[in-house]
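Breakdown of the fold
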Amino acid sequence: MIDSHTHLELCEPPDAELVAAAVAAGVRRILTVGIDGSSCRAALAAAEDFPQVYAAIGRHPNAAKGFDDADLAELQGLAEHERCLAIGETGLDFYREGAPRADQQRAFAAQIGLARDTGKPLVIHSRAAESETLAQLAAEADGVSVIMHCFSMPERLDECLARGYAISFAGNVTYRNAADLAAAAKLVPDERLLVETDAPYLTPQAVRKERNQPAFVAHTLAFLAELRGVTAERLDEIVERNAARLLGW
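This report concerns the structure included in the present document. In this text the structure is predicted, and so the values were computed from the model without any measurement. (Residues numbered from 1 in each chain as written. Predicted model: local features only at pLDDT ≥ 70, side-chain atom pairs only at ≥ 80, totals over all residues. Heavy atoms only, no water.)

When helices and strands are tallied, the chain shows nine helices and eight strands. In terms of C-alpha radius of gyration, the chain reaches 17 Å, essentially the compact-globule figure of 18 Å for 249 residues. Taken along the three principal axes of its C-alpha coordinates, the chain extends 45 × 40 × 30 Å. In the chain, which comprises 249 residues, the share counted as buried stands at 55%. Only carbon and sulfur atoms are counted for the fraction: they give 49% of the accessible area of the chain, which is about 10,300 Å². Of the side-chain charges in the chain, 24 are positive and 37 negative, and the distance between the mean point of each set is 4 Å. (Helix = DSSP H or I, 4+ residues; strand = E, 2+ residues; numbered from the N terminus. Rg over C-alpha atoms; globule rule 2.2 N^0.38 Å. Buried < 20%, exposed > 50% of the residue type's maximum accessible area, 1.4 Å probe, protein only. Areas by Shrake-Rupley, 256 points an atom, 1.4 Å probe, with all protein chains shown as cover. Lys, Arg positive; Asp, Glu negative; His and termini not counted. Charge placed at Lys NZ, Arg CZ, Asp CG, Glu CD.)

What follows concerns the packing of helix α7 (residues 179–187) against helix α8 (residues 217–228). Running from amino to carboxyl end, α7 crosses α8 at an angle of 70°, the nearest separation of the two axes being 9 Å. Judged by the angle between their axes, α7 and α8 are roughly perpendicular. The interaxial crossing formed by α7 with α8 has right-handed handedness. Each of Ala 182, Ala 185 and Lys 186 in α7 lies in contact with α8, whose residues at this interface are Phe 223, Leu 224, Leu 227 and Arg 228. (Axes fitted to C-alpha atoms, helices over the stretch in contact; angles between N-to-C directions. Parallel < 35°, antiparallel > 145°, perpendicular 65-115°, else oblique. Left-handed = near helix turned anticlockwise from the far one by under 90°. Contact = heavy atoms within 4.5 Å.)

Turning our eyes to something else, we now look at the pattern of salt bridges. Under the defined criterion, the tally for this structure stands at 10 salt bridges. Between Asp 71 and Arg 59 there is a salt bridge; the shortest N-O distance is 3.1 Å. Linking Asp 71 in helix α3 (residues 69–79) with Arg 59 in the loop between β3 (53–57) and α3, this pair joins segments that are 12 residues apart in sequence. Between Arg 228 and Asp 190 there is a salt bridge whose closest N-O contact spans 2.7 Å. Residue Arg 228 is found in helix α8, and its partner Asp 190 is found in the loop between α7 and β8 (193–195); the two are separated by 38 residues along the sequence. (Salt bridge = Lys/Arg side-chain N within 4 Å of Asp/Glu carboxyl O.)

Everything listed is a geometric property; what it means functionally is a separate question.
Here you go:
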């Protein structure tokens, strides 16, 4: 199994225990994702410490306040690390608006450019900003490999698929009030599907009382397999192949 999006730095317990638990559950590859300078450096450090772990570096929209050329230069330097396989998470978040919209859009544009320059996939966060996120991607990200992290816009699934985006589902697809997400998850073509935890957030329904961790990706994978009418083993093969193609690990 793989966890295509997690935040080891934000999880409990320490990284060594999280990785050991994930390996025991059958997770062979983990992408841990930075959201600002310090968490990007922590992600790269974890990737250096554990052969199962790789990093994505980026500036989350809620951390984009005042984003400038110095911030971009920092990301450019971090992106050169051999264990960095993706750029992001980046995008737009108008739900909390932790940063002004103009700053979010500027940081997003810079990271689209960084993904293009490095040839690395772009990991997208979008919340309460579906139209704006897709519009900026359409205008600026032609030719960039895009991963829609924690997919949350089922009404725009056809548009995302038409553009060639990868669609990644987190534990919230298993929730009883997420029928629209589950319906979308049935429709994603095999070759576009990814699975993630977004730990420590969005713990799958089966273990929802627990704090999320990479090992729990097994629950989301099992849910998606049943939903799509295949065995968990078969879906695991599909998702592992997709992640290897997109991330190059």
